[in-house]
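Notes for the structure review
Here is what each chain is made of, one letter per residue.
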Amino acid sequence: MKKILLILLSFLYINLSAQTLVDTSLHNKNVVLEEFTGIHCMFCPDGHVLAQSIYNAYPQRVCLINVHTGGYANPSVGEPDFRTVFGSSLSSQSNLSGYPAGTVNRHLFFNLSQNGGTAMSRSEWQLATIITLNELSPVNIGAIAQYDTANNILLIDVEIYYTDTQSVSLNYLNIAITQDSVIGPQTGAQQFNSAAIVPGPWQPTYSHQHMLRHLITGQWGAVIDPITPGTLISRTYTWLVPPDINDIPVVIKDLNVVCFITEQAQEVITGIEIPVT
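Per chain, residues are indexed from 1 in the order of the written sequence. Given that this is a predicted model, residues contribute local features only at a pLDDT of at least 70 and side-chain atom pairs are listed and counted only at 80 or more, while totals for whole chains, interfaces and linings are drawn from all residues. Only hydrogens and water are set aside when side-chain values are computed; all heavy atoms of the structure are taken into account.

1. A look at the nonpolar core
Selection rule: Residues belong to one nonpolar core when they are buried, are Ala, Val, Leu, Ile, Met, Phe, Trp, Tyr or Cys, and are joined through side-chain atoms within 4.5 Å. When a residue's accessible area, from a 1.4 Å probe over protein chains only, is under 20% of the maximum for its type it is buried; when over 50% it is exposed; and in between it is partly exposed. Put simply, DSSP H or I for four residues or longer makes a helix, DSSP E for two residues or longer makes a strand, and each gets a number counted from the N terminus.
Membership of the largest hydrophobic core comes to 29 residues, with the highest contact counts inside it found for Leu154, Ile156, Val158, Ile160, Ile175, Trp239 and Val257. Listed by contribution, the elements that provide at least two residues to this core are strand S7 (139-148), strand S8 (153-162), strand S9 (171-179), strand S14 (222-224), strand S15 (232-240), strand S18 (255-262) and strand S19 (268-275). Counting residues per element, this core draws most heavily on S8, which supplies five residues. Within the second largest apolar cluster, 19 residues are counted, among which are Tyr99, Leu212, Leu215 and Phe260.

2. A few points about the sheet that holds strand S12 (residues 205-208)
Note the threshold: Only when DSSP finds a minimum of two bridges between them are two strands counted as paired.
Across the sheet, three strands lie side by side as S10-S12-S11; this open sheet has antiparallel pairing. With partners counted over all chains shown, the strands left at the sheet margins are strand S10 (182-185) and strand S11 (197-198), one partner each. Bridge count for S10 against S12 is four bridges, and the pairing is antiparallel. What sits directly across from Val182, in S12, is His208.

3. Concerning the pattern of salt bridges
For the record, the criterion: Put simply, a salt bridge is a Lys or Arg side-chain nitrogen that is within 4 Å of an Asp or Glu carboxyl oxygen.
Overall, the coordinates contain five salt bridges when judged by the stated rule. With a closest N to O distance of 3.2 Å, Glu135 and Lys29 form a salt bridge. Taken together, the residues Glu135 in the loop between helix H4 (125-133) and strand S6 (136-137) and Lys29 in the loop between strand S1 (27-28) and strand S2 (31-37) connect sequence positions 106 residues apart. With relative accessibility at 14%, the residue Lys29 sits in the buried group. Measuring nitrogen to oxygen at the nearest pair gives 3.3 Å for the salt bridge that ties Lys253 to Asp254. Taking the relative accessible area as the measure of exposure, Asp254 reaches 12% and is therefore buried.

Here it is as structure tokens:
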């Protein structure tokens, strides 16, 4: 009886260890909306509200990454520095010409473009999102993120399944760490997003959401090869969680992980946002 039980348990373990995170059916694309913002940008809180409304309208279909970069993100004396080493390159390739700007899957929407690039003004994000959500994706992605409290390590398991062909020969996996409820100053908060004002040392003090903290896979992601239909890719990434980044505390309960797949640097195919458990 014990032998039978051990065999059954082993069989169960093998099946649980197989593909479980990603769906193998054909699906439409999900959206990764990267918003370029800054604490001294007057109209950025309005962008935050608009992006959040899109996020809320399409549950589990939209991922938000708020990138603090550019002149408006430069902190004054005594202010927190929310910038990352990745922000400048991300904003530069978008060819933005004003803040807030945003890209939807880093795709060039010719009629919606802010300055001939992938960046768009906030009034265009909704339409670009609707267009993207109605397009078929050649790849699906699933993931789970778990925090190891004993070793202070974030463990991220990712599964990728290819359902259709592409015009490119390689893809790239990108893993972004975002953080909610980061307090700091914000110009324009009272006028455009007073609901985000919280008690604090600045006037006003603002609760920042979806803030980019780190890109685990680097500036432009990790290579995926092959990408032929029927291919299943499984990967595991670990991140030794620092106590802070730029003196801004990293709070585990406020973290989310955004995993997304790109063709190169400028075209996101699809993505998924997951909480840290």
